[in-house]
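The chain contents come next:
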Amino acid sequence: MNVRSIALLCCVTALSACEGEVVGEPMTPRSPDQHDAGVIGPVPDAGVEQPQEETGELLYTRRCGSCHGASGEGSELAYQIRSPVRAYASWVVRTGRDEHTYAAGMTPISTASLSDVQLNKVFDFLHGVEMPTDGQGLYTRFCGNCHGVNGSGGRSDEDIFKDAADEPEEIEEAVREGHGRNKFSDAESYMPAWRRDELSAAQVKAITDYLRTVARRHVEPEHDDEEEEDDED
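Keep in mind that this is a model prediction, so the values were computed, not measured.

Criteria and cut-off values
Residues numbered from 1 in each chain as written. Predicted model: local features only at pLDDT ≥ 70, side-chain atom pairs only at ≥ 80, totals over all residues. Heavy atoms only, no water. Helix = DSSP H or I, 4+ residues; strand = E, 2+ residues; numbered from the N terminus. Contact = heavy atoms within 4.5 Å. Areas by Shrake-Rupley, 256 points an atom, 1.4 Å probe, with all protein chains shown as cover. Buried < 20%, exposed > 50% of the residue type's maximum accessible area, 1.4 Å probe, protein only. Arc of directions from axis to C-beta. Phe/Tyr/Trp six-rings, centres within 6.5 Å; stacked < 30°, edge-to-face > 60°. Expected span 1.5 Å × (residues − 1).

**Some points on the overall build of the chain**
Regarding its fold elements, the chain presents 11 helices and 0 strands. Of the regular secondary structure in the chain, the N- to C-terminal order runs α-α-α-α-α-α-α-α-α-α-α. Within the chain, residue pairs in contact and separated by at least 24 positions form 46% of the contacts whose partners lie at least 6 positions apart. About 15500 Å² of surface is accessible on the chain, with carbon and sulfur atoms providing 52% of the total.

**A few points about helix α10 (residues 169-177)**
Taken together, the buried positions of α10 are Ile171, Val175 and Arg176. All buried residues of α10 project into a common sector of 125° when viewed along the axis, lining one side. Residues of α10 that are exposed and point more than 90 degrees away from the buried face comprise Glu169 and Glu177. Gly178 sits one or two residues past α10 and shows a positive phi near 60°.

**Some details on the packing of aromatic side chains**
Under the defined criterion, the tally for this structure stands at 8 aromatic pairs. Taking the centre distance of 5.8 Å and the plane angle of 45° together, the rings of Trp91 and Phe184 count as tilted. With Trp91 in helix α5 (residues 86-95) and Phe184 in the loop between α10 and α11 (201-232), the pair connects residues that are 93 residues apart, well separated along the chain. Of the residues examined, Trp91 reaches a relative accessible area of 26% and is grouped as partly exposed. Seen from their ring centres, Tyr139 and Tyr210 are 5.8 Å apart, and the 45° between their planes marks the pair as tilted. Linking Tyr139 in helix α7 (residues 135-142) with Tyr210 in helix α11, this pair joins segments that are 71 residues apart in sequence. Through a chain of ring-to-ring contacts, the aromatic side chains of Tyr88, Trp91, Phe184 and Tyr190 assemble into a single cluster.

**Examining helix α6 (residues 116-127)**
Here α6 spans 16 Å end to end across 12 residues, near enough to the 16 Å set by a 1.5 Å rise per residue. At its buried positions, α6 is contacted by α3 (56-63), α5 and α7.

Below you can see the structure in the form of structure tokens.
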């Protein structure tokens with residue numbers, strides 16, 4: 001055997017011995033099945049924690065949960081944000097918002113810190129939170145941030161429980177048409193439009209019925225006062 005053949009044989013032997021190894025990194029031995037399947041390189045150690053998948057829930061928990069609650073239900077620090085309107089919610093995230101209802105506002109979050117793809121994962125997670133079935137729960141989720149507790153005004157400064165009592169059909173109309181287009185910064189002008197696949201007619205009716213109940217509670221005490229005056233006479 002000549003010198004060239006001996007050198008070639010040494011190289012082949014060395015490569016065979018090093019197959020699948022990474023210098024400086026411990027390797028878990030491959031099983032026969034993995035070897036037969038052509039698996040090469042180090043096999044992840046089952047005892048080492050692997051990176052978590054970047055889900056919407058995980059992103060939400062890291063970036064939003066400390067203020068908005070475990071699943072967007074809101075807290076004493078910030079609004080509930082379930083079923084977000086993507087265009088409006090994106091605007092709030094990117095521009096931030098001064099706040100008077102809560103102790104602090106919201107600082108802007110750039111795309112470098114949270115990409116549009118990641119933000120949409122967060123929105124998907126929030127849309128996936130279980131939907132309430134009662135009128136009050138639906139009102140809180142879709143209307144309460146702007147119209148306040150029990151339809152009493154809120155940021156929009158409009159008592160919609162009165163509209164529900166006097167002209168309930170206008171609630172459905174407002175929900176479907178919205179107004180203010182993209183005037184996101186004007187709470188008194190902007191209202192999103194909700195499609196039927198986002199908020200069904202039955203759900204709108206449940207909200208309207210709830211607001212009409214609220215309206216009756218506002219009216220009944222006045223009637224009681226009038227009856228007391230009649231009794232005194």
